[in-house]
Each structure stands twice: as C-alpha cells, then as structure tokens.
Amino acid sequence: MAEESGQERTEEATPKKLEEAKKKGQVPRSKELATTLVTLAGACMLLFSGKPLADGLLQLFSKTLSADYLTISDPQLLPSLFFSVFVEGLLLVAPLMAVAMVAAAVSAVALGGWTFSLSFKPERMNPVSGLAKLFSLKSLVELAKSVGKLLFVGGAALAAMMTMQEDIQSLVSQSADRAVASAAQMLALFFLLTSLPLIAIAAIDVPFQKWNHSKELKMTKQEIRDEMKDTDGRPEVKSKLREMQQAAAQRRMMEDVPKADVVITNPTHYSVALKYDERRGGAPVVLAKGADVIAAKIRERATESDVPIVESPRLARAVFATTDIGGEIPGGLYLAVAQILAYVYQLRDWQARGGDYPEQPEPRVDDEYLKGLNT
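Procedures and definitions
- Residues numbered from 1 in each chain as written.
- Predicted model: local features only at pLDDT ≥ 70, side-chain atom pairs only at ≥ 80, totals over all residues.
- Heavy atoms only, no water.
- Phe/Tyr/Trp six-rings, centres within 6.5 Å; stacked < 30°, edge-to-face > 60°.
- Helix = DSSP H or I, 4+ residues; strand = E, 2+ residues; numbered from the N terminus.
- Buried < 20%, exposed > 50% of the residue type's maximum accessible area, 1.4 Å probe, protein only.
- 1 Å grid on protein atoms, 1.4 Å probe; cavity = no way out; pocket = protein on both sides within 12 Å on 5 of 7 lines; lining within 4 Å.
- Points joined across faces, edges and corners; volume = space filled by probe spheres on them.
- Pairing = 2+ DSSP bridges.
- Axes fitted to C-alpha atoms, helices over the stretch in contact; angles between N-to-C directions.
- Contact = heavy atoms within 4.5 Å.
- pLDDT = per-residue confidence, 0-100.
- Core = buried A, V, L, I, M, F, W, Y, C linked by side-chain atoms within 4.5 Å.
- Patch = residues over 30% accessible without salt bridge, like charges linked within 9 Å, V, L, I, M, F, W, Y side chains within 5 Å.
- Areas by Shrake-Rupley, 256 points an atom, 1.4 Å probe, with all protein chains shown as cover.
- Salt bridge = Lys/Arg side-chain N within 4 Å of Asp/Glu carboxyl O.

Caption draft 1: Spatial organisation of the packing of aromatic side chains. This model, assessed by the stated rule, comprises 3 aromatic pairs. The interplanar angle of 35° and the centroid separation of 6.0 Å between the aromatic rings of Phe208 and Trp211 together place this pair among those described as tilted. Of this pair, Phe208 and Trp211 both sit in helix α9 (residues 176-216), 3 residues apart, which is roughly one turn of the helix. Assessed through its relative accessible area of 14%, Phe208 is described here as buried. Assessed through its relative accessible area of 45%, Trp211 is described here as partly exposed. Relative to Phe320, the ring of Tyr270 lies with its centre 4.8 Å away and its plane at 50°, an arrangement referred to as tilted. Residue Tyr270 is located in strand β2 (residues 270-275), and its partner Phe320 is located in helix α13 (residues 313-322); the two are separated by 50 residues in the primary sequence. Like Phe320, Tyr270 is buried.

Caption draft 2: How the structure looks around the layout of surface pockets. Of the volumes computed, that of the second largest pocket is approximately 190 Å³. Along the walls of the second largest pocket sit Val141, Ala144, Lys145, Gly148, Phe152, Pro197, Ala200, Ile201, Ile204, Asp205 and Phe208, which together make up its complete lining. Among the elements of the structure, α7 (137-163) and α9 are those that each provide at least two residues to the lining of the second largest pocket. If one sorts the elements of the lining of the second largest pocket by residue count, α9 sits on top with 6 residues.

Caption draft 3: Spatial organisation of the pairing of strand β1 (residues 262-265). Neither face of β1 is left uncovered, since the one carrying Val262 and Ile264 and the one carrying Val263 and Thr265 both have all their residues buried. From the end of β1 to the start of β2, which pair antiparallel, there are 4 residues. Of the strand pairs in this sheet, β1 and strand β4 (residues 309-311) are connected by 3 bridges, and their pairing is parallel. Pairing of Val263 across the sheet is with Ile309, part of β4.

Caption draft 4: How the structure looks around the sheet that holds β1. A sheet is described by the order of its strands in space; here 4 strands give the open sequence β3-β2-β1-β4, paired in mixed fashion. Lying at the two open borders of the sheet, with one neighbouring strand each, are β3 (285-291) and β4. Ignoring strand direction, the axes of neighbouring strands in this sheet form an average angle of 20°. Helix-sheet contacts for helix α12 (residues 293-304) involve β1, β2, β3 and β4, and the interaxial angle to β3 is about 130°.

Caption draft 5: Focus on the confidence of the model for the chain. Summarising the model, the chain shows a mean pLDDT of 79, and 83% of its residues fall at 70 or more. Predicted confidence in the chain is weakest over helix α1 (residues 2-5), with a mean pLDDT of 47, and strongest over β1, with 94.

Caption draft 6: Geometry of the nonpolar core. One finds Val262, Ile264, Leu274, Leu315, Val319, Ile329 and Leu333 to be the most contacted residues of the largest nonpolar core, which totals 25 residues. Those elements that place two or more of their residues in this core are β1, β2, α13 and α14 (334-353). By residue number, the principal contributor to this core is α14, which donates 7 residues. Excluding residues that lie within four positions of it along the chain, Leu274 makes contacts with Ala260, Asp261, Val262, Ile264, Val285, Val286, Val319, Ile329 and Val337.

Caption draft 7: Quick peek at the pairing of β2. Within β2, 5 of the 6 residues are buried, which leaves the element mostly enclosed by the surrounding structure. Examined bridge by bridge, β1 and β2 share 4 bridges and lie antiparallel to one another. From the neighbouring strand, Val263 faces β2, where its bridge partner is Ala273. Looking at chain direction, β2 and β3 are connected through 6 bridges and run antiparallel. If you follow Leu274 over to β3, its bridge partner there is Val286.

Caption draft 8: Spatial organisation of the environment of Pro197. Along the chain, Pro197 turns up in helix α9. A relative accessible area of 18% means that Pro197 is categorised as buried. Along the backbone, Pro197 and Gly154 are 43 residues apart, and their C-alpha atoms lie at a distance of 9.6 Å. In this view, Pro197 contacts Phe152, Val153 and Ala156; residues no more than four positions away in its chain are not counted.

Caption draft 9: Structural view of a nonpolar patch on the surface. Taken together, the side chains of Phe83, Phe86, Val87, Leu90, Leu91 and Met97 define a hydrophobic patch exposed on the protein surface, amounting to about 610 Å² of accessible area. Structurally, Met97 can be placed in helix α5 (residues 77-112). Overall, the relative accessible area of 42% leaves Met97 in the partly exposed class.

Given below as structure tokens:
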C-alpha cells in the first residue's frame, strides 16, 4: 500500500501496529543472544558439575560394558538393560539440559517477549521475494556475523587448544577416573573460552535486531491517519474515551473540594463547592459540582477535609444550573453567595473566639436561575 501511494514509511509504528505484529509472532529476535546465553550457561554448568557428571557417565559406561553374558544373551533382559541405561544417562545430563532450556527461554523473553504463533505466510513461499532477501541489509548482516563467528570463535578455539596442549597430552599418563574428570573440566573451560567472543557478537546483534524490527514496522502518514480514523470512529472506543475523560475530570474535581471555602447543598440532590480568592478578585469560582451520587461524594469529601457545608436548596440548584466547573458564578447570584460566604466567615470567627452563634441567612434566588431543574 505504501508503494502504491508513493509514500515512504517514515513514521514509528503505533502501539496498535506493534500489538498486531506481536500477535503474529513478529517480534525482535536475536539468534546470537540465544546461542551466547545457552553456551555460557552450559559452560558454567560444566565447570561446577563437570566432575560429578564425568564420574556418573564413567560408572554408567562401566556398568554397561560389564554386563554379564546371561543378560546380554537374553532377549527379554537386554531391552530392560538398555532402558535403565537410557534413564540413568538422561538423569545425569538432565540438569545441563534444564539450564540450557532456561537460558534459551530467557534469551527469547528478554528481547521480544513470549509469543506463540502458528500463522502460515504464503509470501514466504514466493521465490522472487526470497531472492530479494538474499541481497537485503539483513542478509549482509547475517553474512558478516557468520564470518565474524568463524574468525573470532575459531581463533578463540585455536588459542584455547594451544593453551591446553600440555594438559591434553598429560591425560594419557593419568588413570581412567582422573583422566575423565580432567577432560570434563578442560572441555568446560574450552566451551567457556570459545563462547566469550559470542558476547561481543550478541552485543552488536541485539541493537541491530531491535532497529531492524522497528524499521520493518514503520508506517506511512496515511496508514497512521487511517488507523486513527478506524480506531476513533468506533462507537465503543468513543464511549470508552468519554468514560475515561469523565472519570479523570471527576478525580480532579474531587481533589479540588478540600480547597473550597464552602459547599452549598440542596441538601441531598445537588452539591456545589465554591472558592473565593480575595487576592485575585472577581467572582467566586465553582471548584466542583454534582447531582445525586456525585453530590453525596462531594459532601463526604468536604466533611473529611473540614470544609463547611451549608444547606441552601435554591442557591445550590441555581449555581449548579448556571455555572460550569472552573467558571465564575453569574452576577445575579453575587449577593446570595456573598451572604453564604459571610456566614461561613462568621462561623470560623465563632469557632475561634466564641460569642453569639451566627444566624444562617436565607438568600433570595430568582426563578430564572432555576430553569431546567426540578424544584
């Protein structure tokens, strides 16, 4: 599609495109990382358990080769001997196999995550596209890695053998038990030394695989626009976005309730939280408002934060009907709100100094501010 439209794939893949690619099993993978981890894990395992493994294998061979004539000649006993030898040998190498399997799994999860896909891709059977891949950047990198492994790993193997030459020659003068144990230790050390160059190759391959994966999934500007149109146009997506926006707005609103000077209530159906900033001037601002359940939550939040709650049904409904959250109350409600705020200030003064308890006012609110609400 990008080729048909003449657009270049210059945009990074969207989360949706990445998720779809992962479902198809298209994730960054590094064979070099897997080879390095498996080889290193196996070498380290042999270093620590090489002697017990060698001793066990030696005993198993001895047991197999020293079987009596009756067992070997009996068609019924011979299969059981082979089976017992197989099970004992499998148990001996099981820890080494387990470590290698864990290392392989870690290498897969660490880079591209765990995926499982059985999808068949017919384009892979196309000889033309296969021929084109032979001359791609990825193929050149694979060739460079193969040459690098041949040179570096081969050089490390040759250096290791030359270093161990005397030890290898000394095996002929040792007893069978000791020679097998020494050979196992030398083999483990040989694997470890020859796997060290793989670390450098994997360190280069992993960033390249990530970069190449990102490059293969890049999108055109038109593809991004089409995806956004397809995603945003779905009713369920729009509904979910509205729910998330409303939930976020409600959380912010509830966080502002403790900043209010007063919460005016209906007393049960409506609640509005007002704040008057003397330094800023202007009219009081609505920090939060709500009906029914939201109104109850506003009252609960105000009670927790010691914000005064004043019952003034007509004024609460009027502010709720005329003013949005964050907006200033209309001029026709200035006097009514000012009376409530003055009452709140008197309450604070009474709590601090005592004296006569202030009388709650009954502000007058014109019916025009109650339009659209049930009174």
